[in-house]
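Residue-level structural notes
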Amino acid sequence: MSFTSVPILDLARARDPQTKPQFLADLRHALMEVGFLYLKNVGIPDELWQQVISLGKAFFDIPREEKLRIEMKNAPSFLGYSQLSAEITAGKIDHREQIDLSTEHALPARGAPLYENLHAPNQWPAEHVLPGFRAVYTDYMRRMGAVSIEFTGLIAEAIGLPADAFARYFDADQQHKLKIVKYPDVSELGLGGGGGVEAQGVGPHKDSMLTSYLLQASDHRGLQVQNMRGRWIECPPAAGTLVVAIGQGLEALTRGVCASTTHRVVSPPAGAGARFSIPFFQGVRPSTSFEELEEVGVGPVPDAVRRQREEVLRANGGARLDDVEFTFRRGGAGGATTLGEATLRNRVKSHPDVGERWYPDILRDIREQQAGEEEARVQGQGQEVPVKGEEEVGVDVSTQAQAVEAH
């Protein structure tokens with residue numbers, strides 16, 4: 001039977017030799033059958049957590065001109081502020097406002113691969129505009145980077161691998177990313193307040209890399225996880241927890257033993273006020289090739305563990321009925337050969353305004369690919385293909401979601 005709720009795990013139990021074996025067994029269940037879990041007692045001080053939440057919310061109240069000064073399209077790094085409804089997932093507009101940050105890096109050297117543009121300094125709001133914001137988020141990202149590396153080691157142990165099995169896929173100064181997101185309710189979006197009105201906060205997608213850690217910063221529901229039968233399961237806020245999602249990179253490295261699960265965010269209903277979300281995304285060495293992922297991976301997962309995953313699939317009809325194409329493999333993501341190339345392409349697809357300014361060739365290729373896919377879809381349905389001029393091909397006509405970073 002496919003899952004109907006998301007399990008809660010206590011990281012403190014992994015740090016106690018007496019309770020660690022049961023923690024690993026519970027983690028293996030979550031990895032194979034759900035691909036999502038709540039994690040409590042992660043070791044982040046409560047005071048820091050509250051500062052992250054309060055300053056994250058306060059960011060959206062700073063003057064508009066300060067937000068636009070650090071707008072994402074001002075730099076090729078895809079770091080910075082995104083105005084409401086500026087991002088696209090699953091071919092539709094996401095109704096959210098956000099800022100993207102990362103553990104900071106210097107600008108790439110001349111002649112570096114194009115995807116190295118994603119490694120760059122952050123665009124921070126000015127200190128006098130939002131005092132303490134930079135220091136708090138720098139500290140939080142540093143701490144969460146350590147938590148994510150620790151937890152990835154536990155994932156390895158849970159599926160019968162050495163704790164350092166994933167270490168080769170992390171740079172010494174590994175970049176990790178974070179978003180602070182505001183999802184206005186449907187009345188704020190001007191979509192009306194009638195019963196049943198629903199808007200896409202984030203469309204159906206899978207996270208890109210290994211693991212992500214979501215701090216749900218308000219009491220709103222909206223995050224939903226799709227089980228193997230295609231049903232959407234609520235993942236409501238739970239005090240003192242982070243929501244952990246397994247990414248496509250982890251599924252690829254474990255040859256499908258760990259499940260990367262489709263999820264989405266539905267905008268809050270009219271009158272509910274805005275939902276706030278602060279997801280942290282563990283990074284992976286961008287030079288990692290798909291050939292390395294598929295042929296080296298993390299080494300052979302024990303037969304008993306693989307059989308357990310096969311039994312989970314058989315019990316659910318032999319395959320997952322989710323809505324998202326698995327793009328992080330050789331031949332996917334427009335012919336990309338490395339994770340860095342695939343990530344850059346997906347970022348251009350999600351943020352075409354940044355693509356138009358900094359990556360016009362990649363954006364042009366994406367639009368041509370999408371137009372071809374739409375033509376094939378329409379012809380397959382026996383419809384007349386629209387002539388350009390009668391119905392222009394939009395920024396993203398594909399209805400199938402890419403791998404993205406969102407919650």
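Residues numbered from 1 in each chain as written. Predicted model: local features only at pLDDT ≥ 70, side-chain atom pairs only at ≥ 80, totals over all residues. Heavy atoms only, no water.

**A word on the overall build of the protein chain**
A tally of helices and strands in the protein chain yields 11 helices and 15 strands. Across the 407 residues that make up the protein chain, the buried fraction comes to 55%. Taking the intrachain contacts of the protein chain between residues at least 6 apart in sequence as the baseline, contacts between residues at least 24 apart amount to 79%. Just so you have it, the protein chain exposes about 16900 Å², and 50% of that area is on carbon and sulfur atoms. (Helix = DSSP H or I, 4+ residues; strand = E, 2+ residues; numbered from the N terminus. Buried < 20%, exposed > 50% of the residue type's maximum accessible area, 1.4 Å probe, protein only. Contact = heavy atoms within 4.5 Å. Areas by Shrake-Rupley, 256 points an atom, 1.4 Å probe, with all protein chains shown as cover.)

**So, the pairing of strand β10 (residues 223-226)**
Burial of β10 is two-sided: the residues L223 and V225 facing one way and the residues Q224 and Q226 facing the other way are all buried. In this structure, β10 lies alongside strand β13 (residues 263-266), joined through 3 bridges in antiparallel fashion. Among the inter-strand pairings, L223 is bridged to a residue of β13, identified as V265. Note that β10 and strand β11 (residues 232-234) share 3 bridges and pair antiparallel. Pairing of Q226 across the sheet is with W232, part of β11. (Pairing = 2+ DSSP bridges.)

**Some points on the pattern of salt bridges**
One pass over the structure, following the stated rule, counts 17 salt bridges. For R15, the salt bridge is made with E150, and the minimal N-O distance between the two is 2.9 Å. Taken together, the residues span a long stretch of sequence, with R15 in the loop between α1 (11-14) and α2 (20-33) and E150 in helix α5 (residues 133-158) at a distance of 135 residues. Exposure remark for E150: the relative accessible area of 30% places this residue in the partly exposed category. Through salt bridges with shared partners, a single ionic network connects D100, K179 and R347. (Salt bridge = Lys/Arg side-chain N within 4 Å of Asp/Glu carboxyl O.)

**Re helix α11 (residues 360-380)**
Relative to the 30 Å expected for 21 residues at 1.5 Å per residue, α11 spans 30 Å between its end C-alpha atoms, a close match to the ideal helical length. Among all positions in α11, only I362, L363, I366, Q370 and V378 are buried. Seen from one end, α11 has its buried residues packed into an arc of 135 degrees, which puts them on one side. Residues D361 and E368 are exposed on α11 and point more than 90 degrees away from its buried face. Summarising the contacts, the buried residues of α11 are in contact with α9 (339-350) and α10 (352-358). (Expected span 1.5 Å × (residues − 1). Arc of directions from axis to C-beta.)

**Quick word on empty space enclosed by the protein**
One pass over the structure, following the stated rule, counts 5 cavities of 30 Å³ or more. Roughly 200 Å³ of volume is contained in the largest cavity. In terms of lining, the largest cavity is formed by 18 residues, of which the most central are L118, Q175, K177, M209 and T343. Top element by residues in the lining of the largest cavity is α9. It accounts for 3 residues. (1 Å grid on protein atoms, 1.4 Å probe; cavity = no way out; pocket = protein on both sides within 12 Å on 5 of 7 lines; lining within 4 Å. Points joined across faces, edges and corners; volume = space filled by probe spheres on them.)

**Considering the sheet that holds strand β1 (residues 8-10)**
Read from one edge of the open sheet, 8 strands run β1-β2-β12-β9-β14-β7-β6-β3, paired in mixed fashion. This sheet does not close on itself; its edge strands, each paired only once, are β1 and β3 (80-82). Between one strand axis and the next, the sheet turns through 25 degrees on average, direction left out of account. Pairing analysis gives 5 bridges linking strand β2 (residues 36-40) to strand β12 (residues 241-246), with the strands arranged antiparallel. Bridging across to β12, F36 finds its partner in A245. (Axes fitted to C-alpha atoms, helices over the stretch in contact; angles between N-to-C directions.)

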